Amino acid sequence: MTERGLRRVLAAAIAIVVVAGASGCVGIPGDGPVNQGLSLSAGSGGANFDFNPEGPELGASKESILKGFVAAFTSATGGYAVAKKFLASTFKDKWDPRASVQVRTGQPRLSAVNDSTILYSFDTIATVDALGAYTESSQPSTLQFGFVKEDGQWRINAAPAGIVLSDQTFQRIFTQQTLYFLDSNNEHLVPDLRWFPRGTAATGVATSLLAGPPTWLKGAAFSRFPEGTQLSDAGSIVTPEDGVATIDLSKESLAASPRERQLMKLQLSESLRSVGNISSVRISVEGTPLQIDDLGASGPQADTKVDAQALVLRKGEFGFYANGQVAALSLSRAVVALKARAATLSSDGASIAVLGAGGVSLLRKGVAQTPPLDTRAGLVAPSLDENGYVWSVPSNQPNAITAFDPAGTPHPVMAALPGDSQVQSLEVSRDGARVVILLSTPTGPRLIVSAILRDPDKQAPLSLKAPIVDLPLGDGGAVDATWVDQLTVATLVSTSEGSNIEAFTIGGQRQSLDSLPSNAASAIVGGNGQTGLRVLAGDSTIWAFQGSSWQNTRVKVDFIATQR
């Protein structure tokens, strides 16, 4: 193929999956938990390439027809017009290419069952459903295709819904986008990562957002679009040169209150912000513009930041460390008095959850110190959510998670963690809708990320939903896990060779963050992305992630606290 032809080959796939409503598929899995994604190469963003597949050749064999059909999955032009040339006339309108995408690795294998049936086998590493949700799925797959002759030419008259792409092609075509939903109080934006073809990302984002939160987040995150709201048509997103996307919705959206309309606009604006040159949105309903004021800085924020300085206990002082000094907080003396071993600071700085010699306590500015909330033995470092609940659990009782309200009332949190595991760490996300848990199990470290169901009135945590992430982390000892940012968690695992750190984007990629030579590292704390990560090494020194490696800061502390 010529270079010019390759460039042409590599732009129609950009339109590859115009996202429609979720639909089933035969032979291509599209449900189940969305686990940590495949480890894509550094160039997974990919350049924009054009694919220009060819139709069937005259007199082609069944095998050639099948190979050509699969190759044509790279072009959605004309509703997969090229791919449909390989189909029998009675089957063209029955085949649904938009049901899902199955990502394969290696070379596919063809085997004939009989004169009219061929099996197409390959190794699956991931699937993307009709709404862009990514699912890791490392398993062998076999799809069955039926054939019939029309006018003396072989054509396909039976095929599973959905398409198959090689991992390299998937990396060139697809881009990850973050959809934003809301917590039950409309105070925080809750992210959900999706994957869309570059050329249809805006439509994919809007369509998937209108479909509401995915199964794993339902009940923990919410959409403020009235039920039944849809795009007026697939081409209703118009992006003029000023970067404003005009989005035309169906009449169901008119049921929203003025406040809900502001939240609808916020959801769309934040979700579409990373698509192309879209900087803001206008909403219309069946062609009639709606006047909706922005919420501004007072509205829910997409990704809150923490103080760039480390919050530490050092030489009997608790506070933010900078230039050899610890800047004390108003509650610092109380933290030290508890003989603290771990702590979490609330986002407003008014509360601190502390693990001390007597158990887990809650310190609040201007409130007299009360007895410990939790005095059970073997407690892990507590977490603190935005509703003021302190999360605590004994390491050897994984299903005894308890959330204490500010008054000290315990609220058991139902979970279904393995009974033979031990909890090494537990940390609630800053939006309060999700929790990351690192377990030590008989087969090695295990990472869990789940959504949190809460009482709608008091916001008390009730239970954890089925995990979106449930991954074994190989050999080694589980040490700690933390939120890196709104979509990513990092794990610290001790091995015989050192301390390994990995980052897991929920619904996305897995990335190694190098390792420390010390295998005695005791904690990892997240902050403002990867550059905010800090690890406490075995000699009590802080290591910071800079560029692509860990740097020893030479600063020794007793512990590093978590900031919300």
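What counts, and where the lines are drawn
- Residues numbered from 1 in each chain as written.
- Predicted model: local features only at pLDDT ≥ 70, side-chain atom pairs only at ≥ 80, totals over all residues.
- Heavy atoms only, no water.
- Helix = DSSP H or I, 4+ residues; strand = E, 2+ residues; numbered from the N terminus.
- Rg over C-alpha atoms; globule rule 2.2 N^0.38 Å.
- Areas by Shrake-Rupley, 256 points an atom, 1.4 Å probe, with all protein chains shown as cover.
- Lys, Arg positive; Asp, Glu negative; His and termini not counted.
- Charge placed at Lys NZ, Arg CZ, Asp CG, Glu CD.
- Expected span 1.5 Å × (residues − 1).
- Buried < 20%, exposed > 50% of the residue type's maximum accessible area, 1.4 Å probe, protein only.
- pLDDT = per-residue confidence, 0-100.
- Contact = heavy atoms within 4.5 Å.
- Pairing = 2+ DSSP bridges.
- Axes fitted to C-alpha atoms, helices over the stretch in contact; angles between N-to-C directions.
- Core = buried A, V, L, I, M, F, W, Y, C linked by side-chain atoms within 4.5 Å.
- Left-handed = near helix turned anticlockwise from the far one by under 90°.
- Nonpolar A, V, L, I, M, F, W, Y, C, P; charged D, E, K, R; others polar.
- Phe/Tyr/Trp six-rings, centres within 6.5 Å; stacked < 30°, edge-to-face > 60°.

### A word on the overall build of the chain
Here comes step 1: Along the backbone of the chain there are seven helices and 36 strands.
Here comes step 2: Computed over its C-alpha atoms, the radius of gyration of the chain comes to 26 Å, within 12% of the 24 Å expected for a compact globule of 564 residues.
Here comes step 3: Once the C-alpha set of the chain is aligned to its principal axes, its extents read approximately 90 × 60 × 40 Å.
Here comes step 4: Summed over all atoms, the accessible surface of the chain reaches about 23,600 Å², with 48% contributed by carbon and sulfur.
Here comes step 5: Placing the 45 positive and 51 negative side-chain charges of the chain at their respective mean positions leaves the two points 2 Å apart.

### A word on helix 6 (residues 258-272)
Here comes step 1: Counted at 1.5 Å a residue, the expected span for helix 6 with its 15 residues is 21 Å, and the 21 Å between its end C-alpha atoms agrees.
Here comes step 2: With respect to burial, helix 6 is a largely interior element, eleven of its 15 residues being buried.
Here comes step 3: Regarding helix 6, the residues found buried are Gln-262, Leu-263, Met-264, Lys-265, Leu-266, Gln-267, Leu-268, Ser-269, Glu-270, Ser-271 and Leu-272.

### Topic: the confidence of the model for the chain
Here comes step 1: Confidence in the prediction of the chain, expressed as mean pLDDT, is 89, and 91% of residues score 70 or more.
Here comes step 2: Every residue in residues 1-48 is under pLDDT 50, and counting partners more than four places away or in other chains gives 146 contacts.

### Here we look at the sheet that holds strand 11 (residues 288-289)
Here comes step 1: Across the sheet, four strands lie side by side as 8-9-10-11; this open sheet has mixed pairing. Two strands lie at the open edges of the sheet, namely strand 8 (237-238) and strand 11, each paired on one side alone.
Here comes step 2: Two elements, strand 8 and strand 9 (residues 244-249), share two bridges in a ladder whose sense is antiparallel. Bridge pairing links Ile-237 to Ile-247 in strand 9.
Here comes step 3: On the sheet, helix 6 packs against strand 9 and strand 10 (280-285) and is oriented at approximately 135° with respect to strand 10.

### Topic: the nonpolar core
Here comes step 1: In this structure, Ile-247, Leu-249, Leu-268, Leu-272 and Val-449 are the most contacted members of the largest nonpolar core, which totals 48 residues.
Here comes step 2: Here this core gets six residues from one element, more than from any other, and that element is helix 5 (residues 201-210).
Here comes step 3: In this structure, Phe-69, Trp-95, Val-101 and Phe-170 belong to the second largest nonpolar core, which totals 40 residues.

### Some points on the environment of Ser-330
Here comes step 1: Structurally, the position occupied by Ser-330 is in the loop between strand 14 (325-328) and helix 7 (332-337).
Here comes step 2: Along the chain, Ser-330 and Ile-125 lie 205 residues apart, while their C-alpha atoms are 51 Å from each other.

### Regarding the packing of helix 5 against helix 6
Helix packing for two helices is described by the angle between their axes and how far apart those axes are.
Here comes step 1: Contact geometry for helix 5 and helix 6: axes closest at 10 Å, N-to-C directions at 145°. Relative to helix 6, helix 5 is oriented so that their crossing is right-handed. Taken together, the residues of helix 6 that come into contact with helix 5 (itself represented by Ala-202, Val-205, Ala-206 and Leu-209) are Gln-267, Leu-268, Ser-271 and Leu-272.
Here comes step 2: Grouping the amino acids of the contact of helix 5 with helix 6 by side-chain chemistry returns six nonpolar, two polar and no charged.

### As for unusual backbone geometry
Here comes step 1: At Lys-339, a residue that is not glycine, the phi angle is positive and equals roughly 55°.
Here comes step 2: By the element assignment, Lys-339 lies in the loop between helix 7 and strand 15 (342-345).
Here comes step 3: Its relative accessible area of 62% is what places Lys-339 among the exposed residues.
Here comes step 4: The phi dihedral of Ser-540 falls on the positive side, at around 75°, and the residue is not glycine.
Here comes step 5: Mapping Ser-540 onto the fold places it in the loop between strand 32 (534-536) and strand 33 (541-546).

### Quick look at the sheet that holds strand 5 (residues 163-166)
Here comes step 1: One open sheet accounts for five strands, arranged 4-3-2-1-5; its pairing is mixed. Where the open sheet ends on each side, the last strands, each with one partner, are strand 4 (153-158) and strand 5. Direction aside, the axes of adjacent strands within the sheet are offset by 40° on average.
Here comes step 2: Pairing geometry for strand 1 (residues 100-114) and strand 5, over four bridges, is parallel. From the neighbouring strand, Gln-102 faces strand 5, where its bridge partner is Val-164.
Here comes step 3: Packing against the sheet, helix 2 (residues 62-71) makes contact with strand 1, strand 2 (117-129), strand 3 (134-150), strand 4 and strand 5, and its axis sits at approximately 60° to strand 4.

### Re the packing of aromatic side chains
Here comes step 1: Inspection of the entire model under this criterion finds twelve aromatic pairs.
Here comes step 2: Centroid distance Phe-73 to Trp-95: 5.8 Å. Interplanar angle 20°. Geometry classified as stacked. Remark: Trp-95 occurs in the loop between helix 3 (77-84) and strand 1 and Phe-73 occurs in the loop between helix 2 and helix 3; sequence separation between them is 22 residues.
Here comes step 3: When its relative accessible area of 2% is taken as the criterion, Phe-73 is described as buried.
Here comes step 4: A ring pair is formed by Phe-170 and Trp-195, whose centres lie 5.7 Å apart and whose planes are at 35°; its orientation type is tilted. In this pair, Phe-170 is assigned in helix 4 (residues 167-173) and Trp-195 in strand 7 (residues 189-197), connecting sequence segments 25 residues apart.
Here comes step 5: For Phe-170, a relative accessible area of 1% corresponds to the buried category.
Here comes step 6: Under the relative-accessibility criterion, Trp-195 is labelled buried at 3%.

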